[in-house]
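Overview (structure and organization)
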Amino acid sequence: MNATRQRLGARLGARLGTRVGARLQALPQPRRSAFGVGALVVAGLSLTQALGSLLPSTATTEFGEGSQRNFVRAVSPGGGAVPLRTGDLAITGVEGATTVTRPYTYPASTDAVFLVVRFAWTPRAETSTIVKATLFDGRGRRFTVTSLSAGRDGVTCLRPPPGITADCVAVVEVPRDALAGSRIQLSTNAIDDALDDVAEADLTDAVGPGSLSDYGRGRTAPVEATYRGLE
Amino acid sequence: MVRQAGVSRVARVRRWVLSRSWFELTTATVLVVLLVSGLFGGLREVDTDPVVALQAGQAVSAQPLQVRVTDAYTTTSFGGIEKKGDTPQVYPDTSKRGRFIIVEAEVENTSDATVGYDVLSRAVSLADASGFFPRAGGDALVPADEARPYAVYTMPEKAVFGVAQPGLTYRVAYLFEQSSTTAPGARVTTVVNRHTWREDSLDFHFDWKDPEPQASGSLPLPARNAP
């Protein structure tokens, strides 16, 4: 080992200058235990990297990925209610329209299509509501609306006390090529979906099987939120 | 004598430099390059895309949007719609402190995800003018490049332009409020800004940030006050 290091030092000294070669030769001689420590360090770094891939990453583009991914509860349009952490949600209808009307606002029309998802929300133990809807299409695009961003499209849902059902509407304006293979997620938190379960519905059957180029064309959909039984 | 002393110093420096090993000289050179370039933002590639000329009706690609500015004018009252049948009345925005400079545009979201109000409201701005009210309110006037829109509406329903969905084009109006103490110009410099997709240094959330001019041009600014 020592002879090897001296040979290496001499060879490098000839190339780099005697000063560098002398310094290399003066370095402490590594022991067998030092290699063991090095192996342990490398093993520890590998283990840390493997664990890091399982933990939430700050480099992801969205919240709710990795171990913080959403708890998705599948719900069928027209089917029964699905329990989320804070309440029960049932999708009562899906329709398309090219005009939507809201109380006290001018009707909005589109050359694309408004996808209108009607749902019932019943908080279980605390006052809560659905504030965000995200539609994923078959092309990897993501259409998000919230109750705060309500302009042409958005989520309209009252905030009922526990045990009272609110009839709500989520309107998402999408190009027609986004209808095929789309699914929608409804959640109670607009910032971080991980704080509650998320209801997800596959809209393939609800939107099809007719011609998507005519889906909802010429129809007007009223958008209004109310408590069930009060409409 | 002075020259001899100078030559002597140069010779000493030269000898000192030549006596260094190549390793020390290379290290010193790298350190000097890093330190000096650090004063000007480092050795990263600098985006030097020029600001292109903006013309009315011309589509400008400004990530994550494509913006086509169609018109610019001033008015004191914007966007009122009379009640007709079941259609409710839409109240106009009326400037009590001066006038609105309206920039009408068609905005398309060319990205693959919804774009929010912060990006949409800063996609169009003004320049080379003064006397604007800041978005936060108050009486202190700011120059045009610091002014934020009083409101951004989708037209003709006059809804808040809160989100733009991918693949869709919206007809919108940007309202900038200018004080009556400032005379309106015959033209207005209109700017279309692009954004950069990057991670926030505080909450590590990715979003479109840092609006920078992509296109700028002077447009006629007629007055179109309501009768």
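Residues numbered from 1 in each chain as written. Chains lettered and ligands numbered in written order. Predicted model: local features only at pLDDT ≥ 70, side-chain atom pairs only at ≥ 80, totals over all residues. Heavy atoms only, no water.

This part is about the overall build of chain B. Of the regular secondary structure elements, chain B holds 3 helices and 14 strands. For 227 residues, the compact-globule estimate of 2.2 N^0.38 gives 17 Å, and chain B exceeds it by more than 25% at 26 Å. For chain B, the spread of C-alpha atoms along the three principal axes comes to 95 × 45 × 35 Å. Counting only residues that meet the buried cut, chain B has 38% of its 227 residues in that class. With the model as given, the accessible surface of chain B reaches about 13,200 Å², and the carbon-plus-sulfur share is 56%. One finds the centroid of the 23 positive side-chain charges in chain B at a distance of 11 Å from the centroid of its 25 negative side-chain charges. (Helix = DSSP H or I, 4+ residues; strand = E, 2+ residues; numbered from the N terminus. Rg over C-alpha atoms; globule rule 2.2 N^0.38 Å. Buried < 20%, exposed > 50% of the residue type's maximum accessible area, 1.4 Å probe, protein only. Areas by Shrake-Rupley, 256 points an atom, 1.4 Å probe, with all protein chains shown as cover. Lys, Arg positive; Asp, Glu negative; His and termini not counted. Charge placed at Lys NZ, Arg CZ, Asp CG, Glu CD.)

Here we come to the pairing of strand E8 (residues 124-127) of chain B. Look at any regular strand and the pattern is simple: side chains alternate between the two faces of the sheet. Residue and element names in this part refer to chain B. Judged by which residues are buried, E8 turns out to be covered on both faces: Val124 and Leu126 on one side and Ser125 and Ala127 on the other are all buried. Strand direction decides the pairing type here: E8 and strand E13 (residues 187-199), joined by 4 bridges, are antiparallel. Bridge pairing links Ala127 to Thr189 in E13. (Pairing = 2+ DSSP bridges.)

With 29 residues of chain A in contact, the opposing surface of chain B contributes 26 residues. Taking both partners together, chain A and chain B bury about 2,100 Å²; carbon and sulfur atoms supply 61% of that area. Across the chain A-chain B interface, the total number found is 1 salt bridge. Here Glu157 of chain B ties to Arg152 of chain A by a salt bridge, and the two come within 2.7 Å at their closest N and O atoms. Those elements that provide at least two residues to the side of chain A that touches chain B are helix H1 (2-16), strand E4 (108-123), strand E6 (142-146) and strand E8 (166-174) of chain A. Residue contributions to the side of chain A that touches chain B peak at 4 residues, all from E6 of chain A. (Contact = heavy atoms within 4.5 Å. Buried area = accessible area lost by both parts, 1.4 Å probe. Salt bridge = Lys/Arg side-chain N within 4 Å of Asp/Glu carboxyl O.)

Segmenting chain A into domains produces domain 1 (32-69) and domain 2 (71-227). In this structure, domain 1 of chain A and domain 2 of chain A have C-alpha centres spaced 39 Å apart. (Domains from an automatic or database assignment.)

Okay, the sheet that holds E8 of chain B next. An order of E1-E14-E13-E8 (chain B) is seen for the 4 strands of this open sheet, with the pairing classed as mixed. Across the chains shown, the open sheet's two edge strands, defined by having one partner strand only, are strand E1 (52-53) and E8 of chain B.

Generally speaking, nonpolar side chains in soluble globular proteins are found buried as a group. Within the largest apolar cluster, 36 residues are counted, with the highest numbers of intra-cluster contacts made by Phe161 and Tyr174 of chain B. Elements supplying a minimum of two residues to this core: strand E2 (59-62), strand E3 (65-75), strand E6 (98-109), helix H3 (117-122), E8, strand E12 (169-179), E13 and strand E14 (206-220) of chain B. (Core = buried A, V, L, I, M, F, W, Y, C linked by side-chain atoms within 4.5 Å.)

Another point: a nonpolar patch on the surface. A cluster of nonpolar side chains, namely Val13, Trp16, Val17 and Leu25 of chain B, defines an oily patch on the protein surface of about 360 Å² accessible area. Broken down by element, the nonpolar patch gets its largest block of residues, 3 residues, from helix H1 (residues 2-19) of chain B. (Patch = residues over 30% accessible without salt bridge, like charges linked within 9 Å, V, L, I, M, F, W, Y side chains within 5 Å.)

The next subject is the environment of Pro123 of chain A. Mapped onto the secondary structure, Pro123 of chain A falls in strand E4. Taking the relative accessible area as the measure of exposure, Pro123 of chain A reaches 1% and is therefore buried.

Residues and elements named next belong to chain A. Tallying each qualifying case throughout the model produces 1 disulfide over all chains. For Cys157, the disulfide goes to Cys168, at an S-S distance of 2.0 Å. Here Cys168 lies in strand E8 and Cys157 lies in the loop between strand E7 (154-156) and E8, a separation of 11 residues in the sequence. By relative accessible area, Cys157 is classed as buried at 17%. Cys168 sits in the buried class, given a relative accessible area of 2%. (Disulfide = S-S within 2.5 Å.)

Turning next to the pairing of E6 of chain A. Residue and element names in this part refer to chain A. Most of E6 is tucked away, with 4 of its 5 residues classed as buried. By the bridge criterion, 5 bridges tie strand E5 (residues 132-136) to E6 in an arrangement that is antiparallel. Across the sheet, the residue bridging to Lys132 is Thr146, located in E6. From the end of E5 to the start of E6, which pair antiparallel, there are 5 residues, and Gly140 there has a positive phi angle of about 85 degrees.

A separate point is the confidence of the model for chain B. For residues with low pLDDT, the predicted coordinates do not support detailed interpretation. Taken as a whole, chain B shows an average pLDDT of 89; of its residues, 93% reach a score of 70 or greater. Confidence metrics for the complex model read pTM 0.76 and ipTM 0.78. (pLDDT = per-residue confidence, 0-100.)

What follows covers the sheet that holds E3 of chain B. Residue and element names in this part refer to chain B. The sheet built from 6 strands is open, its strands ordered E2-E3-E6-E12-E9-E10 with antiparallel pairing. Lying at the two open borders of the sheet, with one neighbouring strand each, are E2 and strand E10 (159-160). Both strand E9 (residues 151-154) and E12 contribute to a ladder of 4 bridges, which runs antiparallel. Residue pairing across strands places Val152 opposite Tyr174, the latter belonging to E12.

Across all of its chains, the model carries 6 aromatic pairs over all chains by this definition. Considering the side-chain rings of Phe100 of chain B and Tyr150 of chain B, the 4.8 Å spacing of their centres and the 50 degrees angle between planes classify their relative orientation as tilted. Placement of Phe100 of chain B in strand E6 and of Tyr150 of chain B in the loop between E8 and E9 is noted, with a sequence separation of 50 residues between them. The class of Phe100 of chain B is buried, set by a relative accessible area of 0%. By relative accessible area, which is 42% here, Tyr150 of chain B ends up partly exposed. Residue placement shows Arg183 of chain A over the ring face of Phe136 of chain A; its charged tip is 4.5 Å from the ring centre. (Phe/Tyr/Trp six-rings, centres within 6.5 Å; stacked < 30°, edge-to-face > 60°. Lys NZ or Arg CZ within 6 Å of the ring centre and 35° of its normal.)

Turning to the pattern of salt bridges, a few remarks are in order. All names here are of chain A. Counted by the stated rule, this structure contains 18 salt bridges over all chains. As a salt-bridge pair, Arg73 and Asp197 come within 3.4 Å of each other at their nearest N and O atoms. With a gap of 124 residues between them, Arg73 in strand E1 (residues 72-74) and Asp197 in the loop between strand E9 (183-187) and strand E10 (198-202) connect regions that are remote in the sequence.

The subject of this paragraph is the side chain of Arg194 of chain B. As for its placement among the helices and strands, Arg194 of chain B is situated in strand E13. For Arg194 of chain B, the side chain forms a polar contact with the side chain of Gln214 of chain B, separated by 3.0 Å. (Polar contact = N/O pair within 3.5 Å; in protein donor to acceptor, adjacent residues only side chain to side chain.)

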